[in-house]
Amino acid sequence: MSRLETLGDEYQQLRARLEQGGGAERIKRQHDQGKLTARERVAALLDKDGPWFELGLLVAYDQYDGQAPAAGVVTGVGRVGGRPVVVVANDATVKAGSWWPETIKKILRAQEIAMRQRIPIIYLVDSAGVNLPYQGGVFPGQYGAARIFYYNSIMRRYLKVPQIAAVMGSCIAGGAYLPALSDVIFMVEGTSFMGLGGPNLVKGATGQVVDAETLGGATTHTAISAVAHYRAKNDKECLERIREYVARLPHAPATRRTYPAPKRGTKDLYELIPVDHRMSYDVRALFECLLDAGRLDEFQPDVALEMICGHGAIEGRQVAVIANSRGVIKGKQKNAAPRIGGIIYTESAEKVAYFIENADRERVPLLFIQDVSGFMVGTEAEHTGIIRAGARFVEAMATATVPKLVITVNHASGAGYYAMAGQGFDPDFIVSWPTGRMGVMEGESAVQAVYGADAAKPDNAAAVDAMRADYEQQLDAKFAAARGFVDAILTPEETRDTLAFLLEVSSEFTGPHLGAFALPSLS
(Lines give C-alpha, C1' and ligand atoms only; values in the text may rest on other atoms or scores of the structure.)
Protein backbone atom coordinates (compact mmCIF):
# COMPACT_ATOMS: atom_id res chain seq x y z
CA MET A 1 0.00 0.00 0.00
CA SER A 2 1.13 3.57 -0.67
CA ARG A 3 1.69 6.01 2.20
CA LEU A 4 -1.48 7.88 1.21
CA GLU A 5 -3.51 4.63 1.24
CA THR A 6 -2.15 3.58 4.64
CA LEU A 7 -2.79 6.95 6.28
CA GLY A 8 -6.13 7.23 4.48
CA ASP A 9 -7.30 3.89 5.89
CA GLU A 10 -6.28 4.95 9.40
CA TYR A 11 -8.27 8.15 8.99
CA GLN A 12 -11.35 6.35 7.63
CA GLN A 13 -11.41 4.06 10.67
CA LEU A 14 -11.10 7.00 13.02
CA ARG A 15 -13.83 8.89 11.17
CA ALA A 16 -16.24 5.94 11.42
CA ARG A 17 -15.64 5.73 15.16
CA LEU A 18 -16.10 9.44 15.77
CA GLU A 19 -19.33 9.51 13.76
CA GLN A 20 -20.81 7.17 16.39
CA GLY A 21 -20.67 10.02 18.91
CA GLY A 22 -21.25 8.73 22.43
CA GLY A 23 -21.80 5.16 21.24
CA ALA A 24 -24.66 2.73 20.63
CA GLU A 25 -26.06 2.81 24.17
CA ARG A 26 -26.43 6.58 24.24
CA ILE A 27 -27.84 6.62 20.72
CA LYS A 28 -30.50 4.15 21.90
CA ARG A 29 -31.24 6.37 24.90
CA GLN A 30 -31.77 9.31 22.54
CA HIS A 31 -34.17 7.24 20.44
CA ASP A 32 -36.01 6.03 23.55
CA GLN A 33 -36.69 9.68 24.41
CA GLY A 34 -38.37 10.11 21.02
CA LYS A 35 -35.46 12.12 19.62
CA LEU A 36 -33.20 11.73 16.63
CA THR A 37 -29.45 11.95 17.11
CA ALA A 38 -27.53 15.00 15.92
CA ARG A 39 -26.31 13.25 12.77
CA GLU A 40 -29.78 11.88 12.01
CA ARG A 41 -31.16 15.40 12.36
CA VAL A 42 -28.54 16.80 10.00
CA ALA A 43 -29.24 14.06 7.44
CA ALA A 44 -33.01 14.70 7.60
CA LEU A 45 -32.50 18.46 7.28
CA LEU A 46 -30.19 18.46 4.26
CA ASP A 47 -31.10 17.70 0.67
CA LYS A 48 -31.04 13.97 0.04
CA ASP A 49 -27.82 12.85 -1.67
CA GLY A 50 -26.53 16.43 -1.52
CA PRO A 51 -23.03 17.45 -0.39
CA TRP A 52 -22.02 17.58 3.25
CA PHE A 53 -18.72 19.16 4.25
CA GLU A 54 -18.20 18.45 7.92
CA LEU A 55 -16.10 20.93 9.88
CA GLY A 56 -13.87 19.77 12.70
CA LEU A 57 -14.85 16.12 12.97
CA LEU A 58 -11.50 15.33 14.60
CA VAL A 59 -11.49 18.28 17.01
CA ALA A 60 -10.64 17.09 20.57
CA TYR A 61 -10.68 13.41 19.60
CA ASP A 62 -7.30 12.87 21.30
CA GLN A 63 -8.16 14.82 24.46
CA TYR A 64 -10.30 14.16 27.57
CA ASP A 65 -9.50 10.42 27.44
CA GLY A 66 -11.54 10.14 24.26
CA GLN A 67 -14.74 11.29 25.98
CA ALA A 68 -15.36 14.25 23.65
CA PRO A 69 -15.77 12.92 20.08
CA ALA A 70 -16.18 15.85 17.69
CA ALA A 71 -16.25 18.04 20.85
CA GLY A 72 -19.93 17.14 21.25
CA VAL A 73 -21.17 19.18 18.29
CA VAL A 74 -21.67 18.41 14.60
CA THR A 75 -20.86 21.38 12.36
CA GLY A 76 -20.66 21.67 8.61
CA VAL A 77 -21.93 23.03 5.32
CA GLY A 78 -24.57 21.38 3.14
CA ARG A 79 -27.57 22.24 0.99
CA VAL A 80 -31.21 22.82 1.95
CA GLY A 81 -33.56 23.34 -0.96
CA GLY A 82 -30.57 23.63 -3.29
CA ARG A 83 -28.91 26.49 -1.40
CA PRO A 84 -25.79 26.27 0.79
CA VAL A 85 -26.36 26.49 4.55
CA VAL A 86 -24.25 26.08 7.67
CA VAL A 87 -25.51 23.63 10.30
CA VAL A 88 -24.61 23.43 14.00
CA ALA A 89 -26.10 20.43 15.85
CA ASN A 90 -25.35 19.62 19.49
CA ASP A 91 -24.68 15.91 19.99
CA ALA A 92 -26.59 14.94 23.12
CA THR A 93 -24.99 11.46 23.09
CA VAL A 94 -21.73 13.16 24.17
CA LYS A 95 -22.02 14.42 27.77
CA ALA A 96 -25.61 15.56 27.09
CA GLY A 97 -24.37 17.95 24.40
CA SER A 98 -22.57 20.10 26.95
CA TRP A 99 -20.01 22.67 25.83
CA TRP A 100 -16.31 21.88 26.07
CA PRO A 101 -13.76 24.61 25.26
CA GLU A 102 -13.37 23.05 21.80
CA THR A 103 -17.16 23.10 21.29
CA ILE A 104 -16.97 26.88 21.36
CA LYS A 105 -14.16 26.85 18.81
CA LYS A 106 -16.22 24.73 16.42
CA ILE A 107 -19.38 26.82 16.76
CA LEU A 108 -17.42 30.03 16.16
CA ARG A 109 -15.79 28.58 13.06
CA ALA A 110 -19.21 27.59 11.70
CA GLN A 111 -20.58 31.07 12.39
CA GLU A 112 -17.59 32.70 10.69
CA ILE A 113 -18.27 30.67 7.54
CA ALA A 114 -21.92 31.78 7.57
CA MET A 115 -20.84 35.40 8.04
CA ARG A 116 -18.15 35.41 5.40
CA GLN A 117 -20.24 33.60 2.79
CA ARG A 118 -23.52 35.31 3.81
CA ILE A 119 -25.39 32.00 3.89
CA PRO A 120 -28.09 30.90 6.37
CA ILE A 121 -27.02 29.15 9.56
CA ILE A 122 -29.24 26.61 11.31
CA TYR A 123 -28.74 25.70 14.96
CA LEU A 124 -30.16 22.34 16.14
CA VAL A 125 -29.94 22.84 19.90
CA ASP A 126 -29.83 19.95 22.36
CA SER A 127 -27.36 20.86 25.08
CA ALA A 128 -27.13 20.74 28.86
CA GLY A 129 -25.01 23.93 28.77
CA VAL A 130 -21.44 24.46 29.92
CA ASN A 131 -19.41 21.38 30.82
CA LEU A 132 -18.76 22.71 34.32
CA PRO A 133 -15.41 21.03 35.09
CA TYR A 134 -14.01 22.87 32.03
CA GLN A 135 -15.81 26.17 32.49
CA GLY A 136 -12.49 28.02 32.68
CA GLY A 137 -11.97 27.35 28.98
CA VAL A 138 -15.60 28.03 28.04
CA PHE A 139 -16.90 31.02 29.93
CA PRO A 140 -14.27 33.82 29.98
CA GLY A 141 -12.03 35.29 27.33
CA GLN A 142 -12.33 37.05 24.00
CA TYR A 143 -13.13 33.76 22.28
CA GLY A 144 -15.21 32.22 25.04
CA ALA A 145 -18.92 31.46 24.76
CA ALA A 146 -19.79 35.17 24.69
CA ARG A 147 -18.23 35.38 21.23
CA ILE A 148 -21.03 33.15 19.92
CA PHE A 149 -23.61 35.70 21.02
CA TYR A 150 -21.52 38.55 19.64
CA TYR A 151 -21.54 36.81 16.25
CA ASN A 152 -25.31 36.20 16.60
CA SER A 153 -25.81 39.92 17.07
CA ILE A 154 -23.52 40.99 14.20
CA MET A 155 -25.34 38.63 11.85
CA ARG A 156 -28.76 39.94 12.87
CA ARG A 157 -28.03 43.64 12.92
CA TYR A 158 -25.47 44.21 10.18
CA LEU A 159 -24.82 41.21 7.94
CA LYS A 160 -28.45 40.11 7.50
CA VAL A 161 -27.45 36.45 7.64
CA PRO A 162 -30.55 34.31 8.33
CA GLN A 163 -30.27 32.45 11.64
CA ILE A 164 -32.74 29.66 12.37
CA ALA A 165 -32.73 27.88 15.72
CA ALA A 166 -34.55 24.68 16.63
CA VAL A 167 -34.62 23.76 20.31
CA MET A 168 -34.85 19.98 20.06
CA GLY A 169 -33.83 19.05 23.57
CA SER A 170 -32.30 21.01 26.45
CA CYS A 171 -31.26 24.64 26.07
CA ILE A 172 -30.19 25.94 29.44
CA ALA A 173 -28.70 29.08 31.02
CA GLY A 174 -26.58 31.35 28.82
CA GLY A 175 -26.96 28.89 25.95
CA ALA A 176 -30.56 30.09 25.62
CA TYR A 177 -29.26 33.33 24.15
CA LEU A 178 -28.13 31.48 21.03
CA PRO A 179 -31.74 30.79 19.88
CA ALA A 180 -32.97 34.05 21.41
CA LEU A 181 -30.53 35.98 19.20
CA SER A 182 -31.59 34.03 16.12
CA ASP A 183 -34.30 35.21 13.73
CA VAL A 184 -36.80 32.44 14.47
CA ILE A 185 -37.09 29.66 17.04
CA PHE A 186 -38.73 26.26 16.52
CA MET A 187 -39.51 23.99 19.48
CA VAL A 188 -40.61 20.36 19.73
CA GLU A 189 -43.51 19.29 21.92
CA GLY A 190 -42.62 17.11 24.87
CA THR A 191 -38.85 16.94 24.30
CA SER A 192 -37.56 20.52 24.21
CA PHE A 193 -36.81 22.84 27.11
CA MET A 194 -35.46 26.38 27.06
CA GLY A 195 -34.74 28.39 30.18
CA LEU A 196 -32.11 30.42 32.00
CA GLY A 197 -32.36 27.86 34.77
CA GLY A 198 -33.77 24.35 35.01
CA PRO A 199 -36.27 23.15 37.65
CA ASN A 200 -33.53 22.25 40.13
CA LEU A 201 -31.85 25.65 39.89
CA VAL A 202 -35.21 27.42 40.17
CA LYS A 203 -36.01 25.44 43.32
CA GLY A 204 -32.63 26.23 44.85
CA ALA A 205 -32.78 29.92 43.97
CA THR A 206 -36.44 30.70 44.64
CA GLY A 207 -37.91 27.71 46.44
CA GLN A 208 -40.44 27.35 43.63
CA VAL A 209 -41.27 23.80 42.53
CA VAL A 210 -42.12 23.52 38.85
CA ASP A 211 -41.78 20.85 36.16
CA ALA A 212 -39.67 21.43 33.04
CA GLU A 213 -42.60 21.54 30.60
CA THR A 214 -44.42 24.23 32.57
CA LEU A 215 -41.23 26.19 33.18
CA GLY A 216 -39.84 26.24 29.65
CA GLY A 217 -41.42 23.69 27.34
CA ALA A 218 -42.62 24.16 23.77
CA THR A 219 -46.17 25.16 24.72
CA THR A 220 -44.95 27.63 27.34
CA HIS A 221 -42.65 29.45 24.93
CA THR A 222 -44.97 29.44 21.92
CA ALA A 223 -48.25 30.22 23.72
CA ILE A 224 -47.35 32.07 26.95
CA SER A 225 -43.93 33.75 26.85
CA ALA A 226 -43.93 34.14 23.04
CA VAL A 227 -40.15 33.64 23.06
CA ALA A 228 -40.42 30.91 20.40
CA HIS A 229 -42.27 31.19 17.11
CA TYR A 230 -43.12 27.69 15.83
CA ARG A 231 -44.07 24.43 17.54
CA ALA A 232 -43.66 20.97 16.00
CA LYS A 233 -44.96 17.59 17.14
CA ASN A 234 -41.64 15.75 16.75
CA ASP A 235 -38.12 16.04 15.35
CA LYS A 236 -39.11 14.94 11.86
CA GLU A 237 -41.84 17.58 11.55
CA CYS A 238 -39.57 20.25 13.01
CA LEU A 239 -36.85 19.59 10.45
CA GLU A 240 -39.32 19.54 7.57
CA ARG A 241 -40.71 22.90 8.66
CA ILE A 242 -37.19 24.34 8.79
CA ARG A 243 -36.66 23.14 5.22
CA GLU A 244 -39.88 24.93 4.22
CA TYR A 245 -38.74 28.09 6.01
CA VAL A 246 -35.37 28.09 4.22
CA ALA A 247 -37.11 27.52 0.88
CA ARG A 248 -38.99 30.80 1.36
CA LEU A 249 -35.83 32.84 1.72
CA PRO A 250 -34.83 34.72 -1.46
CA HIS A 251 -32.04 33.03 -3.34
CA ALA A 252 -30.97 32.92 -6.97
CA PRO A 253 -31.04 29.30 -8.23
CA ALA A 254 -27.68 27.79 -9.05
CA THR A 255 -26.70 27.89 -12.70
CA ARG A 256 -26.59 24.48 -14.33
CA ARG A 257 -23.03 23.87 -15.48
CA THR A 258 -21.53 21.54 -18.05
CA TYR A 259 -17.87 20.65 -17.86
CA PRO A 260 -15.44 17.98 -19.02
CA ALA A 261 -14.28 15.26 -16.66
CA PRO A 262 -10.70 15.29 -15.41
CA LYS A 263 -8.09 13.64 -17.58
CA ARG A 264 -7.45 10.98 -14.93
CA GLY A 265 -9.49 9.37 -12.15
CA THR A 266 -8.99 10.52 -8.58
CA LYS A 267 -7.86 7.05 -7.48
CA ASP A 268 -4.66 7.69 -9.45
CA LEU A 269 -3.82 10.21 -6.74
CA TYR A 270 -2.98 7.38 -4.32
CA GLU A 271 0.23 6.71 -6.19
CA LEU A 272 1.16 10.39 -6.39
CA ILE A 273 2.64 11.01 -2.94
CA PRO A 274 5.87 8.97 -2.48
CA VAL A 275 6.41 6.60 0.44
CA ASP A 276 9.12 8.90 1.79
CA HIS A 277 7.64 12.38 2.32
CA ARG A 278 10.99 13.92 1.38
CA MET A 279 11.01 12.51 -2.14
CA SER A 280 9.88 14.35 -5.27
CA TYR A 281 6.82 13.74 -7.47
CA ASP A 282 5.03 15.39 -10.40
CA VAL A 283 2.36 17.73 -9.03
CA ARG A 284 0.95 18.09 -12.55
CA ALA A 285 -0.53 14.64 -12.13
CA LEU A 286 -2.68 16.14 -9.40
CA PHE A 287 -3.98 18.79 -11.81
CA GLU A 288 -4.91 16.03 -14.27
CA CYS A 289 -7.06 14.38 -11.57
CA LEU A 290 -8.70 17.51 -10.11
CA LEU A 291 -9.18 20.06 -12.89
CA ASP A 292 -11.71 19.94 -15.71
CA ALA A 293 -10.09 18.08 -18.63
CA GLY A 294 -6.98 17.99 -16.43
CA ARG A 295 -6.01 21.31 -17.95
CA LEU A 296 -4.03 24.12 -16.32
CA ASP A 297 -3.20 27.21 -18.38
CA GLU A 298 0.13 28.06 -16.81
CA PHE A 299 1.21 31.61 -16.03
CA GLN A 300 4.89 32.28 -16.77
CA PRO A 301 5.63 28.54 -17.17
CA ASP A 302 9.33 29.16 -17.85
CA VAL A 303 9.91 31.38 -14.82
CA ALA A 304 10.54 30.13 -11.27
CA LEU A 305 9.65 26.51 -12.06
CA GLU A 306 9.49 25.60 -8.36
CA MET A 307 6.18 27.49 -8.15
CA ILE A 308 3.35 26.70 -10.55
CA CYS A 309 0.64 29.29 -11.19
CA GLY A 310 -2.17 28.98 -13.68
CA HIS A 311 -5.87 28.99 -14.46
CA GLY A 312 -8.17 26.00 -14.54
CA ALA A 313 -11.70 24.99 -13.58
CA ILE A 314 -13.32 22.57 -11.16
CA GLU A 315 -16.79 21.44 -12.23
CA GLY A 316 -17.13 24.51 -14.40
CA ARG A 317 -15.97 27.04 -11.80
CA GLN A 318 -12.85 29.02 -12.67
CA VAL A 319 -10.00 28.96 -10.20
CA ALA A 320 -6.49 30.44 -10.04
CA VAL A 321 -4.13 27.69 -8.89
CA ILE A 322 -0.89 28.17 -6.95
CA ALA A 323 1.10 25.01 -6.26
CA ASN A 324 4.56 24.02 -5.08
CA SER A 325 6.47 21.75 -7.42
CA ARG A 326 8.63 19.18 -5.64
CA GLY A 327 11.89 17.87 -7.08
CA VAL A 328 15.23 19.25 -8.24
CA ILE A 329 14.95 21.97 -10.88
CA LYS A 330 17.89 22.73 -13.15
CA GLY A 331 19.30 26.24 -13.19
CA LYS A 332 18.47 28.35 -16.24
CA GLN A 333 22.04 29.51 -16.76
CA LYS A 334 25.01 27.28 -17.43
CA ASN A 335 26.70 26.24 -14.17
CA ALA A 336 23.83 27.76 -12.16
CA ALA A 337 22.97 25.86 -8.99
CA PRO A 338 19.80 23.78 -9.21
CA ARG A 339 16.74 24.81 -7.22
CA ILE A 340 14.94 22.62 -4.71
CA GLY A 341 11.22 22.16 -5.28
CA GLY A 342 9.01 23.05 -2.35
CA ILE A 343 11.29 25.97 -1.46
CA ILE A 344 10.23 29.54 -2.27
CA TYR A 345 12.96 31.65 -3.89
CA THR A 346 13.00 35.39 -4.54
CA GLU A 347 11.95 34.98 -8.17
CA SER A 348 9.11 32.60 -7.31
CA ALA A 349 7.80 34.88 -4.56
CA GLU A 350 7.66 37.79 -7.03
CA LYS A 351 5.92 35.62 -9.62
CA VAL A 352 3.23 34.40 -7.23
CA ALA A 353 2.59 37.85 -5.75
CA TYR A 354 1.94 39.25 -9.24
CA PHE A 355 -0.31 36.30 -10.12
CA ILE A 356 -2.37 36.73 -6.94
CA GLU A 357 -2.86 40.44 -7.56
CA ASN A 358 -4.08 39.68 -11.10
CA ALA A 359 -6.50 37.05 -9.85
CA ASP A 360 -7.84 39.51 -7.29
CA ARG A 361 -8.41 42.13 -9.98
CA GLU A 362 -10.10 39.56 -12.20
CA ARG A 363 -12.24 38.26 -9.28
CA VAL A 364 -11.09 34.66 -9.71
CA PRO A 365 -10.96 32.49 -6.54
CA LEU A 366 -7.54 31.24 -5.43
CA LEU A 367 -6.67 27.60 -4.80
CA PHE A 368 -3.43 26.99 -2.90
CA ILE A 369 -2.00 23.45 -3.16
CA GLN A 370 0.51 23.28 -0.33
CA ASP A 371 3.65 21.20 -0.36
CA VAL A 372 6.07 23.80 0.91
CA SER A 373 9.16 23.50 3.08
CA GLY A 374 9.76 27.24 3.51
CA PHE A 375 11.66 30.16 1.98
CA MET A 376 15.23 29.84 0.72
CA VAL A 377 18.01 30.91 3.08
CA GLY A 378 21.67 31.74 2.51
CA THR A 379 23.84 34.47 1.04
CA GLU A 380 22.42 34.42 -2.46
CA ALA A 381 18.83 34.46 -1.24
CA GLU A 382 19.44 37.35 1.14
CA HIS A 383 21.36 39.36 -1.46
CA THR A 384 18.54 38.98 -3.99
CA GLY A 385 16.04 40.39 -1.48
CA ILE A 386 14.19 37.25 -0.35
CA ILE A 387 12.78 39.04 2.70
CA ARG A 388 11.20 41.83 0.65
CA ALA A 389 9.95 39.44 -2.06
CA GLY A 390 8.49 37.14 0.59
CA ALA A 391 6.75 40.09 2.21
CA ARG A 392 5.19 41.01 -1.15
CA PHE A 393 3.96 37.43 -1.55
CA VAL A 394 2.44 37.40 1.94
CA GLU A 395 0.86 40.85 1.53
CA ALA A 396 -0.68 40.00 -1.85
CA MET A 397 -2.17 36.80 -0.41
CA ALA A 398 -3.34 38.39 2.85
CA THR A 399 -5.07 41.34 1.19
CA ALA A 400 -6.66 39.47 -1.74
CA THR A 401 -10.42 39.89 -1.46
CA VAL A 402 -11.40 36.85 -3.54
CA PRO A 403 -12.17 33.48 -1.91
CA LYS A 404 -9.14 31.45 -0.90
CA LEU A 405 -9.18 27.65 -0.66
CA VAL A 406 -6.22 25.67 0.66
CA ILE A 407 -5.33 21.98 0.47
CA THR A 408 -2.23 20.55 2.12
CA VAL A 409 -1.04 17.45 0.28
CA ASN A 410 2.33 16.95 1.94
CA HIS A 411 4.48 19.56 3.72
CA ALA A 412 3.27 22.84 5.18
CA SER A 413 6.35 24.17 6.92
CA GLY A 414 7.89 27.42 8.07
CA ALA A 415 7.00 30.80 6.66
CA GLY A 416 6.16 29.06 3.39
CA TYR A 417 3.04 27.71 5.10
CA TYR A 418 2.08 31.28 5.95
CA ALA A 419 2.66 32.55 2.42
CA MET A 420 0.60 29.69 0.97
CA ALA A 421 -2.49 31.00 2.83
CA GLY A 422 -2.00 29.31 6.19
CA GLN A 423 -4.87 29.35 8.67
CA GLY A 424 -3.75 32.59 10.31
CA PHE A 425 -4.63 34.45 7.10
CA ASP A 426 -8.29 33.41 7.20
CA PRO A 427 -8.63 31.34 4.03
CA ASP A 428 -12.28 30.59 3.33
CA PHE A 429 -11.63 26.86 3.74
CA ILE A 430 -8.51 24.87 4.57
CA VAL A 431 -8.31 21.09 4.20
CA SER A 432 -5.62 18.43 4.20
CA TRP A 433 -4.95 15.00 2.82
CA PRO A 434 -4.03 12.35 5.41
CA THR A 435 -0.42 12.86 4.25
CA GLY A 436 -0.35 16.52 5.28
CA ARG A 437 2.49 17.48 7.64
CA MET A 438 2.11 20.85 9.34
CA GLY A 439 4.82 22.39 11.49
CA VAL A 440 7.67 24.90 11.78
CA MET A 441 10.09 22.30 10.40
CA GLU A 442 10.60 18.56 10.09
CA GLY A 443 11.83 16.62 13.12
CA GLU A 444 15.28 15.96 11.71
CA SER A 445 15.77 19.66 11.03
CA ALA A 446 14.66 20.46 14.57
CA VAL A 447 17.13 17.93 15.98
CA GLN A 448 19.95 19.58 14.05
CA ALA A 449 18.83 23.06 15.13
CA VAL A 450 18.83 22.07 18.81
CA TYR A 451 21.71 19.56 19.05
CA GLY A 452 23.88 20.15 15.97
CA ALA A 453 26.84 17.79 15.87
CA ASP A 454 25.97 16.59 19.38
CA ALA A 455 22.91 14.75 18.03
CA ALA A 456 25.05 11.70 17.35
CA LYS A 457 26.44 11.49 20.90
CA PRO A 458 25.22 8.42 22.83
CA ASP A 459 24.33 10.53 25.86
CA ASN A 460 21.80 12.46 23.77
CA ALA A 461 20.25 9.43 22.04
CA ALA A 462 17.17 9.16 24.25
CA ALA A 463 16.39 12.88 24.09
CA VAL A 464 16.95 12.99 20.33
CA ASP A 465 14.68 9.97 19.77
CA ALA A 466 11.99 11.53 21.98
CA MET A 467 12.22 14.79 20.04
CA ARG A 468 11.87 12.97 16.72
CA ALA A 469 8.83 11.07 18.04
CA ASP A 470 7.21 14.27 19.32
CA TYR A 471 7.67 15.97 15.97
CA GLU A 472 6.32 12.96 14.10
CA GLN A 473 3.15 13.03 16.22
CA GLN A 474 2.68 16.79 15.96
CA LEU A 475 3.30 16.86 12.21
CA ASP A 476 0.49 14.34 11.59
CA ALA A 477 -2.58 15.67 9.79
CA LYS A 478 -4.80 14.15 12.50
CA PHE A 479 -2.99 16.22 15.14
CA ALA A 480 -3.70 19.39 13.12
CA ALA A 481 -7.34 18.42 12.60
CA ALA A 482 -7.80 17.65 16.31
CA ARG A 483 -6.82 21.25 17.10
CA GLY A 484 -8.88 22.88 14.37
CA PHE A 485 -5.84 23.89 12.29
CA VAL A 486 -7.63 22.46 9.25
CA ASP A 487 -11.37 22.28 8.64
CA ALA A 488 -11.30 18.67 7.53
CA ILE A 489 -9.19 15.80 6.26
CA LEU A 490 -10.16 14.65 2.77
CA THR A 491 -9.43 11.43 0.95
CA PRO A 492 -8.34 11.73 -2.69
CA GLU A 493 -11.75 10.47 -3.93
CA GLU A 494 -13.51 13.26 -2.03
CA THR A 495 -11.18 16.06 -3.07
CA ARG A 496 -12.53 17.24 -6.43
CA ASP A 497 -16.23 17.15 -5.46
CA THR A 498 -15.51 18.83 -2.14
CA LEU A 499 -13.44 21.60 -3.71
CA ALA A 500 -16.20 22.17 -6.26
CA PHE A 501 -18.80 22.50 -3.49
CA LEU A 502 -16.58 24.85 -1.47
CA LEU A 503 -16.08 27.02 -4.56
CA GLU A 504 -19.87 27.15 -4.90
CA VAL A 505 -20.29 28.12 -1.24
CA SER A 506 -17.58 30.77 -1.35
CA SER A 507 -19.11 32.35 -4.46
CA GLU A 508 -22.38 33.10 -2.62
CA PHE A 509 -20.97 36.42 -1.42
CA THR A 510 -19.43 38.58 -4.13
CA GLY A 511 -18.11 41.19 -1.74
CA PRO A 512 -14.67 41.19 -0.08
CA HIS A 513 -13.56 37.98 1.63
CA LEU A 514 -11.40 39.52 4.35
CA GLY A 515 -11.09 38.40 7.94
CA ALA A 516 -13.72 36.37 9.74
CA PHE A 517 -16.30 38.67 8.14
CA ALA A 518 -16.48 42.01 6.36
CA LEU A 519 -18.96 44.56 7.66
CA PRO A 520 -20.95 46.54 5.12
CA SER A 521 -20.52 50.29 5.05
CA LEU A 522 -22.24 51.66 8.16
CA SER A 523 -22.06 55.33 7.19
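Residues numbered from 1 in each chain as written. Predicted model: local features only at pLDDT ≥ 70, side-chain atom pairs only at ≥ 80, totals over all residues. Heavy atoms only, no water.

Colleague: Teacher, can you tell me more about helix α5 (residues 146-159) here?
Modeller: One turn of an α-helix holds 3.6 residues; hence residues three or four places apart share an orientation. Between its terminal C-alpha atoms α5 stretches 18 Å, which fits the 20 Å expected from 14 residues at 1.5 Å a residue. Along α5, the residues that are buried comprise Arg-147, Ile-148, Phe-149, Tyr-151, Asn-152, Ile-154, Met-155 and Leu-159. Positive backbone phi, at 55°, marks Lys-160, one or two positions downstream of α5. (Helix = DSSP H or I, 4+ residues; strand = E, 2+ residues; numbered from the N terminus. Expected span 1.5 Å × (residues − 1). Buried < 20%, exposed > 50% of the residue type's maximum accessible area, 1.4 Å probe, protein only.)

Colleague: Help me out: how do you make sense of the packing of aromatic side chains in this one?
Modeller: Under the criterion given, the structure shown has 15 aromatic pairs. Taking 5.8 Å as the distance between ring centres and 90° as the angle between the ring planes, the aromatic pair formed by Phe-53 and Phe-429 counts as edge-to-face. Separated by 376 residues along the polypeptide, Phe-53 in strand β1 (residues 52-55) and Phe-429 in strand β18 (residues 429-432) bring together distant segments of the chain. Classification of Phe-429 as buried rests on a relative accessible area of 1%. Seen in terms of ring centroids, Tyr-151 and Phe-517 are 6.0 Å apart; in terms of plane orientation they differ by 85°. Their pairing is edge-to-face. You can see Tyr-151 sitting in helix α5 and its partner Phe-517 sitting in the segment after α19 (492-506), a full 366 residues away along the chain. (Phe/Tyr/Trp six-rings, centres within 6.5 Å; stacked < 30°, edge-to-face > 60°.)

Colleague: Quick question: what am I supposed to make of the pairing of strand β5 (residues 163-172) here?
Modeller: Across a regular strand the side chains alternate sides, sitting on one face of the sheet and then on the other. With 8 of 10 residues buried, β5 is to be regarded as a mostly interior element. In this sheet, β5 lies alongside strand β4 (residues 121-127) in parallel orientation, the contact comprising 6 bridges. In the strand pairing of β5, Tyr-123 is matched with Ala-165. Once you follow β4 into α5 and on to β5, the crossover reads as right-handed. Examined bridge by bridge, β5 and strand β6 (residues 184-188) share 4 bridges and lie parallel to one another. Each bridged residue has a counterpart across the sheet, and for Ala-165 the counterpart in β6 is Ile-185. Direction of pairing for β5 relative to strand β7 (residues 193-195): parallel, over a ladder of 3 bridges. Bridged to Cys-171 within β7 is Met-194. (Pairing = 2+ DSSP bridges. Right-handed = clockwise from strand over helix to strand, strands pointing away.)

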